[in-house]
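Listed here are the chains, written in short residue letters.
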Amino acid sequence: MQGYFQQENLEVNFKEVILGETAVEAITSGQAEFGIADSSLVLSRLRGEPVVVLAAIFQHSPLVLLTLKSSGIVHPLELHGKKIMFRRNIDDAVLQAMFVEVGLQPDDYTHIPQNFDVKALLGDADAISAYTTNQPFYFQENNIPYNTISPANYGIDFYGDMLFTSEDYLLKNPERVEAFRRAALKGWHYAVEHPEAVVDWMLANLPVQKSRDHLLFEAERTIRLIKPNLIEIGYFNPSRFLRIAEIYKQLDLAPISADLTGISYLEHLFKPPLDPFWSRLALAVVAAILLAFFLMSWVNRRLRKTIAIRTREINKANAELEKRHLLLDQHVLVCTFDMERSITDVSQAFCKLSGFSKEELIGRPTFSLIHPDFPTAELKEIRAAMVALQQWSGEIQFCNHAGDSIWLYAILEFQQAPGARSTAIFHDITDKKKILELSITDSLTGLANRRKVEEHLDFFIKQASRFGREVSLILLDIDHFKRINDTYGHNCGDETLVALSGLLQQSIREADIAGRWGGEEFVVICPETNLEGAMTLAEVLREKIAGAELIAEQSVTSSFGVAQWQPGHTAKSLFNKADAALYEAKGQGRNRVVTLNSTATHDQAGQSNPSAIKCIEA
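Our subject in this report is the structure included herewith. (Residues numbered from 1 in each chain as written. Predicted model: local features only at pLDDT ≥ 70, side-chain atom pairs only at ≥ 80, totals over all residues. Heavy atoms only, no water.)

Some words on the pairing of strand β13 (residues 422-428)
- As paired elements, strand β9 (residues 333-337) and β13 share five bridges and run antiparallel to each other. Across the sheet, Cys335 pairs through a bridge with Ala424, a residue of β13.
- Bridge count between strand β12 (residues 405-413) and β13: six bridges; the pairing is antiparallel. Bridge pairing links Glu413 to Thr423 in β13. (Pairing = 2+ DSSP bridges. Helix = DSSP H or I, 4+ residues; strand = E, 2+ residues; numbered from the N terminus.)

Quick word on empty space enclosed by the protein
- The full count for this structure, using the stated rule, is three cavities of 30 Å³ or more.
- A volume near 140 Å³ is recorded for the largest cavity.
- Along the walls of the largest cavity sit 16 residues, with Thr366, Ile396, Phe398, Leu412 and Phe426 positioned nearest its centre.
- Elements that contribute at least two residues to the lining of the largest cavity include exactly β9, α15 (376-388), β11 (392-399) and β13.
- Ranked by residue count, the leading element in the lining of the largest cavity is α15, at three residues.
- Its residues assigned to classes, the lining of the largest cavity shows 15 nonpolar, one polar and no charged. (1 Å grid on protein atoms, 1.4 Å probe; cavity = no way out; pocket = protein on both sides within 12 Å on 5 of 7 lines; lining within 4 Å. Points joined across faces, edges and corners; volume = space filled by probe spheres on them. Nonpolar A, V, L, I, M, F, W, Y, C, P; charged D, E, K, R; others polar.)

What to know about the sheet that holds β12
- With respect to topology, five strands assemble into an open sheet ordered β10-β9-β13-β12-β11, the strand pairing being antiparallel. Edge positions in the open sheet fall to β10 (343-346) and β11, since each of these has one partner strand only. When the angles between neighbouring strand axes are averaged without regard to direction, this sheet yields 30°.
- Contacting β9, β11 and β12, α15 crosses the sheet at an angle of about 125° to β11. (Axes fitted to C-alpha atoms, helices over the stretch in contact; angles between N-to-C directions. Contact = heavy atoms within 4.5 Å.)

Description of a nonpolar patch on the surface
- Judged by side-chain polarity, Trp298, Val299, Leu303 and Ile307 come together as a nonpolar surface patch covering roughly 370 Å² of accessible area.
- Positionally, Val299 belongs in helix α12 (residues 276-331). (Patch = residues over 30% accessible without salt bridge, like charges linked within 9 Å, V, L, I, M, F, W, Y side chains within 5 Å. Areas by Shrake-Rupley, 256 points an atom, 1.4 Å probe, with all protein chains shown as cover. Salt bridge = Lys/Arg side-chain N within 4 Å of Asp/Glu carboxyl O.)

What to know about the layout of surface pockets
- Of the volumes computed, that of the second largest pocket is approximately 1600 Å³.
- Broken down by secondary-structure element, the contributors of at least two residues to the lining of the second largest pocket are β3 (63-68), α4 (93-102), β7 (146-149), α9 (212-226), α12, β9, β10 and α14 (358-361).
- Counting residues per element, the lining of the second largest pocket draws most heavily on α12, which supplies eight residues.
- Of the residues in the lining of the second largest pocket, the class split is 22 nonpolar, 14 polar and eleven charged.

Here's the deal with the packing of helix α8 (residues 195-205) against α9
- Following both chains from N to C, one finds α8 and α9 inclined at 140°, their axes separated by 10 Å at the closest point. Here α8 lies oblique to α9, going by the angle between them. Crossing geometry of α8 relative to α9 is assigned as right-handed. For the pair α8 and α9, the contacting residues are Pro195, Glu196, Val199, Asp200, Met202 and Leu203 in the first and Arg212, Leu215, Leu216, Ala219 and Ile223 in the second.
- When grouped by side-chain class, the residues that make up the contact of α8 with α9 number eight nonpolar, no polar and three charged. (Parallel < 35°, antiparallel > 145°, perpendicular 65-115°, else oblique. Left-handed = near helix turned anticlockwise from the far one by under 90°.)

What to know about the sheet that holds strand β8 (residues 162-166)
- Read from one edge of the open sheet, three strands run β1-β8-β2, paired in antiparallel fashion. The open sheet is flanked by β1 (34-37) and β2 (51-56), the only strands paired with a single partner. Across this sheet, the average inter-strand angle for adjacent strands is 35°, counted without regard to direction.
- In this sheet, β8 lies alongside β1 in antiparallel orientation, the contact comprising four bridges. Within β8, the residue paired with Ile36 across the bridge is Leu163.
- Sitting on the sheet, helix α7 (residues 174-193) is in contact with β1, β2 and β8, with an inclination near 30° to β2.

Some remarks on the pairing of β3
- With six of its six residues buried, β3 lies for the most part within the structure.
- Residues Leu63, Leu65 and Thr67 point to one face of β3 and Val64, Leu66 and Leu68 to the other, with burial holding for every one of them.
- Alignment of β3 against strand β6 (residues 127-131), held across four bridges, turns out to be antiparallel. From the neighbouring strand, Val64 faces β6, where its bridge partner is Ala130.
- Bridging between β3 and β7 involves four bridges; their strand directions are antiparallel. Note that in β7 the partner of Leu66 across the bridge is Thr148. (Buried < 20%, exposed > 50% of the residue type's maximum accessible area, 1.4 Å probe, protein only.)

Quick notes on the packing of aromatic side chains
- Taken as a whole, this structure holds 22 aromatic pairs when the rule is applied.
- The ring centre of Tyr159 lies 4.1 Å from the NZ or CZ of Arg240, which sits over that ring.
- The residue whose ring lies beneath Arg383 is Phe367, and the NZ or CZ to ring-centre distance is 4.1 Å. (Phe/Tyr/Trp six-rings, centres within 6.5 Å; stacked < 30°, edge-to-face > 60°. Lys NZ or Arg CZ within 6 Å of the ring centre and 35° of its normal.)

A look at the side chain of Thr529
- With respect to the helices and strands, Thr529 occurs in the loop between β16 (521-527) and α20 (531-547).
- Owing to a relative accessible area of 8%, Thr529 belongs among the buried residues under this scheme.
- Here the side chain of Thr529 touches Pro527 through a polar contact of 2.8 Å, landing on its backbone oxygen.
- Residues in contact with Thr529, not counting those within four places in the same chain, are Glu470, Val471, Ser472, Arg509 and Ala534. (Polar contact = N/O pair within 3.5 Å; in protein donor to acceptor, adjacent residues only side chain to side chain.)

A closer look at α20
- Counted at 1.5 Å a residue, the expected span for α20 with its 17 residues is 24 Å, and the 24 Å between its end C-alpha atoms agrees.
- Leu531, Ala534, Met535, Leu537, Ala538, Glu539, Leu541, Arg542 and Ile545 are the residues of α20 that are buried.
- Of the residues that open α20, the one with a side-chain oxygen 3.3 Å from the backbone nitrogen of Glu532 is Asn530. (Expected span 1.5 Å × (residues − 1).)

Details of the environment of Met535
- Mapped onto the fold, Met535 is located in helix α20.
- Put simply, Met535 and Gly561 are 26 residues apart on the chain and 8.9 Å apart in space, counted from C-alpha to C-alpha.

Considering the pattern of salt bridges
- Applying the stated criterion across every chain, the model contains 21 salt bridges.
- Close ionic contact of Arg182 with Glu8 constitutes a salt bridge, the shortest N to O distance being 3.0 Å. Pair noted here: Arg182 is in helix α7 and Glu8 is in the loop between α1 (4-7) and α2 (23-28), with a separation of 174 residues, a long-range link.
- Residue Arg182 is classed as partly exposed on the basis of its relative accessible area of 39%.
- Between Lys210 and Glu218 there is a salt bridge, with the nearest N and O atoms lying 2.9 Å from each other.

Some points on the nonpolar core
- Ranked by internal contacts, the top residues of the largest apolar core, which has 71 residues, are Val42, Phe99, Phe241 and Tyr248.
- Counting residues per element, this core draws most heavily on α7, at eight residues.
- Discounting residues that sit within four places of it in the chain, Tyr248 has contacts with Ser39, Ser40, Val42, Leu43, Leu46, Ala93, Phe158, Leu253 and Ala254.
- Counting 30 residues, the second largest nonpolar core, distinct from the first, contains Val346, Cys351, Leu412 and Ala424. (Core = buried A, V, L, I, M, F, W, Y, C linked by side-chain atoms within 4.5 Å.)

Worth remembering: the numbers are spatial, not functional.
Okay, structure coming up:
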């Protein structure tokens, strides 16, 4: 596309690996000079294949297992007795290493040869091998929920695609190999910086079977694995090869005595010449190393049996821990988040309750799940605990995927250190909150019931008594309600009560509390309100009720009694005061607002002198 190989005077032909054949076989047999393979190259070198790595393109292996979300399979041990599709003994080392690491033996599952048809997961296979850069696009495009089982989560973090050649070809053509490596890396740099241009070129010039969106998806996932902003493209660390080799040996996938020397192209291109003295010294050093090796081999033979026993015990213990972790993941509501307060991990139990997938939640701001109706004051309290790094516990109202409210009792532990994770453990109390709501709500009108009204009135009177605040009470009764029931029926009467309740809620202030006292009687508690303000509100309500068509072709009116709390009075005496005023309003002809005069006298029960009243007539 950009002519990088031509600039190096190289004529390059690309060929696909034949199904059933490995890239290593193609290179070592002379069918090709250069190839691409994963960290199986380390295993090939340990087994005596003369392969040499020129560049590591993917810093992490893209090879994973995919399962359907509906299968519930999220851990390798859950593949016991299942059917797994992958290329056995062909670039599968990272998967085999994961199986051995968790204790899943070849006899524990059924192997299905890889046919590269992702639809096999919908029928024949319980799990399929896949590249994170490719096959997940099919499931996302078709809205098929899936799980990813990554070997990296179990300590198997290998290099992905690596450019390699044979040792013989490198020694005979060092300059050509260097030129090929330079041109290939220039191509990768261009592809990383211009993914859309590369995709468009592929669609125009190659027999590509994928859509443009699919290729762009593959490009984005590939760039993630290359990590060009962190690591120079093509860089590899020989020490990491040694670590990968140790894993293969520990998992009995390669001989303990196998040598990795020669796997890096740098070892072949930059060998300094040795004079006779240094040659003799090198031979002496080699002899000493061989002696030490034989001594260590003797010791190792004695230790290997003990190590094998300990390894089996550790694997068994790890498997048991994994099972317990799985149980916790399935049944305990847990969420972790980082210093930026973004979600870093959630349990499957939390996903099931919230209706979101793990992929939808990870990276999302923690507070984005808070329900809009959750009190602002309590949210500020949680944020303050975050800043102070103090533990917080209490009830939180979340919004699930469907937009419904869920209530959780939360225990939040906040951490600030770099790399630390803050933790939230939840307990679902949604049903408890619903039961509580039913116990304090009038089932017909949805207003606070008598019990809840009494609680509110006691609270505001205590506040008024302690801090010298004002509070007033409005008591109203629908005029001639029995006549409505007798004339139109009880269903119509219930509809009238519901309509009047809605009118009350629309007309009062946010701080006011409306409730149904019983029958056709309603109460409005007016905090921070004196008698004049309550009288004004009652008159507004009276006019709106009288002007509204609560019953077709029939006007409905209400009578009101208003009272203001005075120091020394109780909730009962305040209610009796408003009730006396309501009684007076009915006696004066109904459809009016009446209050006891501020100069009226009261007995100990709070009853007023009926002659001392103030009235607003219709």
